[in-house]
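# Chains, contacts and geometry: an overview
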Amino acid sequence: MLLGAVAATLTALGFSIFQARTPEMSLLYAGLEPAVAGDVMMALERMDVDAETRGDAIYVPRPKRDNVRMALAREGLPAKSQAGYELLDGLSGFATTSEMFDAAYWRAKEGELARTILSVPGVRSARVHIGAAKRTSFDASADANSAVVTVRMGRGPLGKPQALSIRYLVSLAIAGLPEEKVAVIDAEAGVVLRPGDGAAEAEAIGMANEREREMERRLTSLLEARVGPGAARVSVALELDMEREAMSERILDPDSRVTTGRETTDITQNSSGLAGAVTVASNLPDGDAGGGQQSQSQRNEARERIDYEFSEVRREREKSPGSVKRVSVAVLVDAVREVGADGATVTTPRTPEEIESLRQLVESAIGFDDARGDVVTVEAMTFQGAAAGAGVEAAGSPAGQLVQDNVMGLVKVLIPSLVTLILGLFVVRPLLSQTSSTALAVAEEEDEADNFMPATVDFAPMDDMGGEIEGPEDSLDKLKEIASDKQEETAALIKTWLDRAEEPA
């Protein structure tokens, strides 16, 4: 048992030393493509840096992580998975056709857009596919360009405002690409923006979200001025009318007419000629035209035209989506908190009159319209914890931050050390104490046995002056006296003699 306990203690001590000497690993890169991750691992081997791979993540010792990242960045690692305009640097003017250049150009455009989308907070990976329409000089009805953006988020689904920003970015980056031709897809949540979704509807949703946040902020500040900081929670929901409506109205008044035009025409016609019969001689140069009688005629004509139209009113009205259909507001206020004489916090429910005054205050702030169906709910409940301390962020001390950053390393050292200490105190120490007690008892028995001399031995005790003091009878009497004084030791000695006497047999 002693040897086993010592071996276990040494093993635990060695394990604790090994854990203490093993560096804590920290994340270097994650989510890299296999080819890029292989290049990074080869670079780490050249740099003689210990690295571990856990799935698609690469870990290195924490003290070396920042230096390793800078060294890899100097070598251009990890390489960007999406190539951008650098694709155009390798094209040669002699061996590149127009089709090859167009394909490389659109690939470069897709890569640059994907890199920009990756800068959006929360986006883990992005791919852009552009459907470039082929235009010719003789085809004026060619289709417009289109694009599809696929996004994979790190946490949660892709929100509508972020999808709108991505669509706006892609639409402006590609000439001739309308916004309704851009589709945005979340790899996990599905389609966020479909082709043909009007920008007005998407913009209305974004504006509604902003209005909700602004109303919540204003109502919170208004209520906290009455109930105290942190003692009010406000939630606003706007129900929008997403229908688009266009109306055209034309009204005619038959009882009224308006002169739109007037046209007057005067015609005067005069004519004169010879009277009589016309013969062949009339056609000769010197012939007689018929006796020389003259005839005249005159005609006068006056004409007037007036155009009338009925009175007409034209009205055209277009209703865009995004108008507020209904407003719903929920307000939760904390109970009244007071500090008693003993220092304890006492909560008191708010009166119905105060709740009603708060409700009227909220209705006035939001422009409450009963005909529209607006709803305002105000409730008073006791918050969990002191309302005064809500929203207060406690700053940690540097020592606490240091312990938090190195908690795993401390655990690796403390657990083996604790096991070693327990083995040493509760296993090794009792065994050593028991062994020492047994050895001491045996040594005392041997010493006591040596102090007694057998009665059959002839000896002549000497006094301090070197002379004989007692004879055999006196020695026997002395032995009896000692045995009577030390009965237990005498019994142990006799038992030892008996045991020794039985061994040769």
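This text goes with the structure placed above it.
Residues numbered from 1 in each chain as written. Predicted model: local features only at pLDDT ≥ 70, side-chain atom pairs only at ≥ 80, totals over all residues. Heavy atoms only, no water.

### Brief notes about unusual backbone geometry
- For the bond running from L77 to P78, omega is -5°, close enough to zero to count as cis.
- If you trace the backbone, P78 turns up in the loop between α3 (65-74) and α4 (98-117).
- In this model, D48 sits at a positive phi of 60°, which is unusual for a non-glycine residue.
- Of note, D48 is situated in the loop between α2 (34-46) and β2 (52-54).
- Residue D48 is classed as exposed on the basis of its relative accessible area of 64%. (Helix = DSSP H or I, 4+ residues; strand = E, 2+ residues; numbered from the N terminus. Buried < 20%, exposed > 50% of the residue type's maximum accessible area, 1.4 Å probe, protein only.)

### A closer look at the nonpolar core
- Judged by nonpolar contacts, the single largest core of 22 residues is most densely connected at I117, V151 and V170.
- Looking at this core, the elements with two or more residues in it are α4, β4 (123-131), β5 (146-153), α5 (160-173), β6 (182-186) and β7 (190-193).
- Setting aside chain neighbours within four positions, we find I117 in contact with V123, A126, V128, V149, V151, I166, L169 and V170.
- Of all hydrophobic cores here, the second largest spans 21 residues; its members include L223, A231, V236 and L358. (Core = buried A, V, L, I, M, F, W, Y, C linked by side-chain atoms within 4.5 Å. Contact = heavy atoms within 4.5 Å.)

### Looking at helix α7 (residues 352-366)
- The end-to-end C-alpha separation of α7 is 21 Å, in line with the 21 Å expected for 15 residues at 1.5 Å each.
- For α7, the complete set of buried residues consists of E354, I355, L358, V362, E363 and I366.
- The positive-phi residue at the C-terminal boundary of α7 is G367, with phi of around 70°. (Expected span 1.5 Å × (residues − 1).)

### A look at the pairing of β5
- Side chains A147, V149, V151 and M153 of β5 all project onto a buried face; the interleaved residues S146, V148, T150 and R152 project onto a face where none is buried.
- Sheet topology note: the β4/β5 ladder contains eight bridges and is antiparallel. Among the inter-strand pairings, R127 is bridged to a residue of β5, identified as T150.
- Bridge count between β5 and β6: five bridges; the pairing is parallel. Residue V149 lies in a different strand from β6, and its bridge partner there is V184.
- Chirality of the crossover, the property in question, places the unit of β5, α5 and β6 among those that are right-handed. (Pairing = 2+ DSSP bridges. Right-handed = clockwise from strand over helix to strand, strands pointing away.)

### With respect to the sheet that holds β6
- In spatial order, the strands read β4-β5-β6-β7; together these four strands make up an open sheet with mixed pairing. A single partner strand is all that each edge strand has here, and the edge strands are β4 and β7. On average, each strand axis in the sheet is inclined to that of its neighbour by 25°, with strand direction left out of account.
- Each of β4 and β5 is contacted by α4, which is oriented at about 150° to β4, the strand it contacts most.
- Strands β5, β6 and β7 of the sheet are contacted by α5, whose axis makes an angle of about 70° with β7. (Axes fitted to C-alpha atoms, helices over the stretch in contact; angles between N-to-C directions.)

### Quick look at the pattern of salt bridges
- Using the criterion set out here, one finds 17 salt bridges in the structure.
- Here R152 and E188 are joined by a salt bridge, their closest N and O atoms 3.9 Å apart. Of the two residues, R152 is situated in strand β5 and E188 in the loop between β6 and β7; the sequence distance between them amounts to 36 residues.
- For R326, the salt bridge is made with E239, and the minimal N-O distance between the two is 3.1 Å. Here the residue R326 occupies a position in strand β11 (residues 323-333), and E239 occupies one in strand β8 (residues 232-241), the gap between them amounting to 87 residues.
- The class for E239 is partly exposed, based on a relative accessible area of 31%. (Salt bridge = Lys/Arg side-chain N within 4 Å of Asp/Glu carboxyl O.)

### Digging into the packing of aromatic side chains
- Applying the stated criterion to the full structure yields one aromatic pair.
- Geometrically, the ring pair formed by Y105 and W106 is edge-to-face, given 5.3 Å between the ring centres and 70° between the ring planes.
- In this structure, R54 packs its charged tip against the face of Y59, placed 4.1 Å from the ring centre.
- Over the face of the ring belonging to Y29 we find R69, whose NZ or CZ atom lies 5.9 Å from the ring centre. (Phe/Tyr/Trp six-rings, centres within 6.5 Å; stacked < 30°, edge-to-face > 60°. Lys NZ or Arg CZ within 6 Å of the ring centre and 35° of its normal.)

### Brief notes about α4
- Here α4 spans 29 Å end to end across 20 residues, near enough to the 28 Å set by a 1.5 Å rise per residue.
- Where α4 is concerned, the buried positions are A104, A108, K109, E110, G111, L113, A114 and I117.
- On its buried face, α4 sits against β4, β5 and α5.

### Considerations on the packing of α4 against α5
- At a minimum axis separation of 11 Å, α4 and α5 run at an interaxial angle of 150°. Judged by the inter-axis angle, α4 sits roughly antiparallel to α5. The crossing of α4 and α5 is right-handed. Each of K109, L113, T116 and I117 in α4 lies in contact with α5, whose residues at this interface are I166, L169, V170 and A173.
- Of the residues that constitute the contact of α4 with α5, the class distribution is six nonpolar, one polar and one charged. (Parallel < 35°, antiparallel > 145°, perpendicular 65-115°, else oblique. Left-handed = near helix turned anticlockwise from the far one by under 90°. Nonpolar A, V, L, I, M, F, W, Y, C, P; charged D, E, K, R; others polar.)

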